[in-house]
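# Summary of structural features
Chain by chain, the residues run as shown.
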Amino acid sequence: MTPPLWIDRPELLAAGIARWRVARAASGIALDTEFVFERTFRPRLGLIQIAAGGEIALVDTVRIADLTPLAALLQAPGGRVIVHSGSGDVPILRRAIGVSPQPLFDTQIAAAFVGLGPSLSYAALIRELFGVELPKHETRTDWMRRPLSPAQLRYAAEDVEQLEAAASELERRLRDLGRLEWALEDSAELSLLESDAADASLAWRRVRGLDRLPPHGRAVARALAAWREAEAERLDLARPFLLRDETLLALARRDAIAPQEIAKLPGFEVRRHARHVARWVEALAAARAAADAGTAPLEPARLPAAERERRKALEEAISALVTRRATELGISAELLFSRRLRDRALDSWNGRGSLAESVGGFRGLLLGTELDALAASVG
């Protein structure tokens with residue numbers, strides 16, 4: 001492999017962007033990121049790898065503070081931007097650069113649609129397509145440290161070195177199967193992913209075990225979760241380092257708590273949490289007040305019992321249909337029609353019009369007649 005270019009100054013980045021835009025117009029570019037996500041609220045971007053026009057460049061996002069010039073590359077006219085498992089990269093790039101790369105071609109999505117399995121790692125994909133084993137010896141690298149070692153630089157470059165070739169081979173197989181538009185449709189969805197901005201009012205959804213609390217306790221827990229989300233973002237601290245789920249639930253069961261009692265709560269760790277104890281006490285008091293006043297974040301209203309039964313029956317019928325069709329196609333049922341997509345379609349449809357039209361895209365065309373028949377039989 002030709003040694004990668006190290007880009008750590010704005011003028012080098014500007015010159016690179018000029019070259020890469022030409023390469024993108026001709027045949028597209030490959031893109032990857034390296035980041036650290038352990039103690040912070042959001043991932044910290046350490047490196048952007050770009051393969052374009054026969055060169056591999058490593059953009060030092062620690063030393064180059066302003067990455068917005070890359071917007072001209074990520075949304076330039078011409079060829080596609082190739083990524084692997086871009087759901088992790090796109091929100092990070094959007095926050096750092098201000099735009100999402102598009103149009104996208106995600107090789108993990110493409111591999112799933114050609115029957116190589118869901119959530120295939122990049123190393124597994126290259127092994128499957130080309131019989132090449134990629135070493136994974138730097139997976140625990142702290143990408144914020146400088147300087148990076150030659151081995152770390154080589155590892156980063158390998159993540160894009162064969163990405164264009166993999167995309168070309170997968171595109172060939174997709175065309176043979178008549179599924180290229182499927183992969184392009186799902187890849188395009190990645191560009192529309194919401195940014196990683198926190199929505200404190202919905203933070204309770206990520207708290208495991210909240211549904212086991214009594215109604216008032218759930219309201220307190222929802223308010224605590226909203227506080228944790230906002231406070232963790234303010235401190236740039238991973239949520240468990242501020243307040244673990246099990247501790248949050250234990251607090252929600254209490255009318256009040258003295259600072260000296262907190263050490264007995266489940267999930268409490270002195271080295272991580274001792275400095276936050278005063279915040280917890282204040283947050284619990286405020287959360288209980290919000291619950292009492294009815295101002296805590298609300299759960300969605302429940303459907304009437306009869307509608308819940310009809311919805312459950314329709315979900316089960318759709319699941320059986322999707323499982324059967326996915327087996328026939330040799331792909332996973334989750335890829336063909338995930339629970340998230342199903343729920344979104346059912347919420348949008350809500351018994352009105354065509355369910356297939358609410359699904360839309362290739363899925364609506366592929367499953368449309370059968371989906372509408374199921375909706376009619378259950379409704």
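The structure this text deals with has already been given above.
Read on for an overview of the structure. Keep in mind it's a predicted model, so treat the numbers as computed, not measured.

Turning our attention to the pairing of strand S3 (residues 44-52). Taken across its nine residues, S3 has eight buried, putting it largely inside the fold. Across seven bridges, the pairing between strand S2 (residues 29-36) and S3 is antiparallel. Among the inter-strand pairings, Phe 35 is bridged to a residue of S3, identified as Leu 45. Where S3 lies against strand S4 (residues 55-60), six bridges are found, and the strand directions are antiparallel. Counterpart to Gln 49 in the pairing with S4 is Leu 58.

Right, let's talk about the pattern of salt bridges for a bit. With the rule as written, the count across this model stands at 34 salt bridges. Put simply, Glu 11 and Arg 9 hold a salt bridge, and the shortest N to O gap is 2.6 Å. The exposure class of Arg 9 is partly exposed, given its relative accessible area of 41%. In this structure, a network of salt bridges that share partners links the residues Arg 311, Glu 315, Arg 342, Asp 343 and Asp 347.

What follows concerns helix H14 (residues 305-329). Taking 1.5 Å per residue, 25 residues should reach 36 Å; H14 reaches 36 Å between its end C-alpha atoms and fits that length. When we look at burial in H14, the residues that qualify are Leu 314, Glu 315, Ile 318, Leu 321, Val 322, Arg 325 and Ala 326. Elements that come into contact with the buried residues of H14 comprise helix H15 (333-336), helix H16 (339-349), helix H17 (355-359) and helix H18 (361-378). Just past H14, the residue Gly 330 takes up positive phi, approximately 75°.

It is worth spelling out the side chain of Arg 179 at this point. Mapped onto the elements of the fold, Arg 179 is located in the loop between helix H7 (163-177) and helix H8 (180-191). One buried charged residue, Arg 179, remains without a salt bridge, the closest side chain of opposite sign being Glu 328 at 9.4 Å. A polar atom in the side chain of Arg 179 sits 2.7 Å from the backbone oxygen of Phe 113. Setting aside its immediate chain neighbours within four residues, Arg 179 contacts Phe 113, Leu 174, Leu 329 and Ile 331.

It is worth spelling out the packing of H14 against H16 at this point. It is at 12 Å that the axes of H14 and H16 come closest, and there the two elements cross at 135°. Taken together, the axis directions place H14 and H16 in an arrangement best described as oblique. Here the hand of the crossing between H14 and H16 comes out right-handed. Note on element contacts: H16 touches H14 through Arg 342, Asp 343, Leu 346, Asp 347 and Trp 349, opposite Arg 311, Leu 314, Glu 315 and Ile 318.

What follows concerns the packing of aromatic side chains. Enumeration according to the criterion identifies five aromatic pairs in this entry. We note Arg 80 situated over the ring of Phe 105; from NZ or CZ to the ring centre the distance is 4.7 Å. For Arg 272, the ring lying beneath its charged end belongs to Phe 241, and the centroid distance is 4.0 Å.

Structural remark: α-helix, 3.6 residues per turn; residues separated by three or four positions point the same way. The end-to-end C-alpha separation of helix H3 (residues 86-97) is 15 Å, in line with the 16 Å expected for 12 residues at 1.5 Å each. Next to the buried residues of H3 lie S2, S3, helix H2 (71-74), strand S5 (81-83), strand S6 (104-106) and H8. Looking one or two residues beyond H3, the residue adopting positive phi is Gly 98, at roughly 105°.

Here the focus is the sheet that holds strand S1 (residues 5-7). Spatially, six strands are ordered S1-S4-S3-S2-S5-S6 in an open sheet, and the strand pairing comes out mixed. Edge strands, defined here as strands with exactly one partner in the open sheet, are S1 and S6. Adjacent strand axes in the sheet meet at a mean angle of 25° when their direction is disregarded. Looking at chain direction, S5 and S6 are connected through three bridges and run parallel. Across the sheet, residue Val 83 finds its bridge partner in S6, namely Asp 106. Lying on the sheet, H3 is in contact with S2, S3, S5 and S6; it crosses S2 at an angle near 80°. Contacts from helix H6 (residues 150-161) reach S1, S2, S3 and S4 within the one sheet, and its direction differs from that of S2 by about 140°.

Procedures and definitions
Residues numbered from 1 in each chain as written. Predicted model: local features only at pLDDT ≥ 70, side-chain atom pairs only at ≥ 80, totals over all residues. Heavy atoms only, no water. Buried < 20%, exposed > 50% of the residue type's maximum accessible area, 1.4 Å probe, protein only. Helix = DSSP H or I, 4+ residues; strand = E, 2+ residues; numbered from the N terminus. Pairing = 2+ DSSP bridges. Salt bridge = Lys/Arg side-chain N within 4 Å of Asp/Glu carboxyl O. Expected span 1.5 Å × (residues − 1). Contact = heavy atoms within 4.5 Å. Lys, Arg positive; Asp, Glu negative; His and termini not counted. Polar contact = N/O pair within 3.5 Å; in protein donor to acceptor, adjacent residues only side chain to side chain. Axes fitted to C-alpha atoms, helices over the stretch in contact; angles between N-to-C directions. Parallel < 35°, antiparallel > 145°, perpendicular 65-115°, else oblique. Left-handed = near helix turned anticlockwise from the far one by under 90°. Phe/Tyr/Trp six-rings, centres within 6.5 Å; stacked < 30°, edge-to-face > 60°. Lys NZ or Arg CZ within 6 Å of the ring centre and 35° of its normal.

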